Amino acid sequence: MRLILSAAMLAMCALTATSQEKSPYLPEIHGTVRAKYEYEPPIDKGRFEIRNARLSVEGKVIPIVRYKAEIDLSDEGTIKMLDAYVRLQPKDVLKFTFGQMRVPFTIDAHRSPHLQYFANRSFIAKQVGNVRDVGAAASWTFNPSMPITLEGGIFNGSGLTNQKNFWTNDYNFSFKAQTMIAKQFNITLSCQKANAGDVNVMMYDAGAYWQNDRWHVEAEYLRKHYAHDAFSAVNAVDAFAAYRLPLKKGPTAISFLGRYDYMSDHSKGNKDESGNLKTDDPERHRLTGGVTLSLGKKALQADIRLNYEQYFYHKDATPAISEQNKIVLEFVAHF
């Protein structure tokens, strides 16, 4: 089924590319390809990887009804259906979305791959706060002088692959509020009820960023509680700064980036032999430094990223093979 859907989306891309008709209902095609090479000095080994090969189709069938379907042909080597929803949008500031989507929660976990600043996601975006689900959501933006956006939704809690035979009377939910002050300073607060295996969790997140034409400075904190004290609460932090320097010749810009992120012991919901939640991701600190060359005329159109990641674990921890000190060279193309 996934291969059929992939072929259908590629065919639609071809039809759209050859069409000369300028219709407001013509689908828009977008895609992101991320190819990388990683080398880990602790094990003296490296690998090439296609991290993402995303393709999306979106548009509208009538002025107030829109849609989006997005698939990743290579999400770490597997095919995944990501977004698949219909949106009722009677006004630009009011949206009702039904289907499969990223749950409105956090700042960094909500970024698409081409909008990420670093080659690898933060712990908040990858391990702790990364949730997609099927449900219904609403969004309202008001107060034009200092825009405030309120988002909320209810979701199955089944994830992306367990929908047909999943029935529940205990829905998950999320709520997110954000505002932009003076077009430069953003404050975001959010909460979410989700699942770690068969254990309910509540997550709370607070973040803020400041940006102008050259700087982006951001900090975010997330706390994750497991019901009935099934596992110790998780704390996660992400803080980074990026400086973009425009160039007159060659690449359009060069950016210099630095990040610190942290995550305490974290469980995805897997259990040990005694039936207790076990630690899937041991506590860690990480420092990341990077340089990004932007090649396209548009921002985030074609980038080359070079990052170095330094991990810090407790002496008794056993790091996963892919979660150790590494050098990452990544090429990103977005259309």
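Everything that follows concerns the structure shown earlier in this document.
Residues numbered from 1 in each chain as written. Predicted model: local features only at pLDDT ≥ 70, side-chain atom pairs only at ≥ 80, totals over all residues. Heavy atoms only, no water.

A. Unusual backbone geometry, seen in detail. One non-glycine residue, Thr106, adopts positive backbone phi at about 65°. Relative to the helices and strands, Thr106 resides in the loop between strand S5 (94-102) and helix H2 (123-128). On the basis of relative accessibility, which here comes to 0%, the residue Thr106 falls in the buried class. (Helix = DSSP H or I, 4+ residues; strand = E, 2+ residues; numbered from the N terminus. Buried < 20%, exposed > 50% of the residue type's maximum accessible area, 1.4 Å probe, protein only.)

B. Looking closely at the nonpolar core. Among the nonpolar cores identified, the biggest contains 23 residues, and Val128, Met203, Leu222, Tyr226 and Val234 are the most heavily contacted of them. For this core, the elements supplying multiple residues, two or more each, are H2, strand S9 (185-196), strand S10 (199-211), strand S11 (215-226) and strand S12 (234-246). Here Met203 is in contact with Phe105, Val128, Gly129, Val131, Ser190, Cys191, Gln192, Ala194, Leu222, Arg223 and Lys224, once residues within four sequence places are set aside. Formed by five residues, the second largest nonpolar core is a distinct cluster that contains Leu55, Val57, Ile71 and Met81. (Core = buried A, V, L, I, M, F, W, Y, C linked by side-chain atoms within 4.5 Å. Contact = heavy atoms within 4.5 Å.)

C. Up close: the pattern of salt bridges. By the definition in use, this model includes 21 salt bridges. For the salt bridge of Arg284 with Asp281, the shortest nitrogen-to-oxygen distance reads 3.9 Å. Several salt bridges share partner residues, and in doing so they unite Arg54, Lys68, Glu70, Asp72, Asp83 and Arg132 into one network. (Salt bridge = Lys/Arg side-chain N within 4 Å of Asp/Glu carboxyl O.)

D. A look at the environment of Ile29. On the secondary structure map, Ile29 appears in strand S1 (residues 28-40). Counting along the chain gives 306 residues from Ile29 to Phe335, while the straight-line C-alpha distance between them is 8.0 Å.

E. Inspection of the pairing of strand S2 (residues 45-62) at higher detail. Judged from the 13 bridges that link them, S1 and S2 form a sheet pairing that is antiparallel. Looking at S2, one finds that Ala35 is bridged to Ile50. Here S1 folds back onto S2, and the loop between the two strands holds four residues, one of which, Asp44, carries a positive phi near 55°. Pairing of S2 with strand S3 (residues 65-75), which is carried by eight bridges, proceeds in the antiparallel orientation. From the neighbouring strand, Lys60 faces S3, where its bridge partner is Arg66. The antiparallel pairing of S2 with S3 creates a hairpin that spans two residues between the two strands. (Pairing = 2+ DSSP bridges.)

F. Spatial organisation of the environment of Tyr39. Relative to the elements of secondary structure, Tyr39 occurs in strand S1. Excluding its chain neighbours within four sequence positions, the residues that come into contact with Tyr39 are Asp44, Lys45, Gly46, Asn325, Lys326 and Ile327. Reaching out from Tyr39, the side chain makes a polar contact with the side chain of Asp44 at a distance of 2.6 Å. (Polar contact = N/O pair within 3.5 Å; in protein donor to acceptor, adjacent residues only side chain to side chain.)

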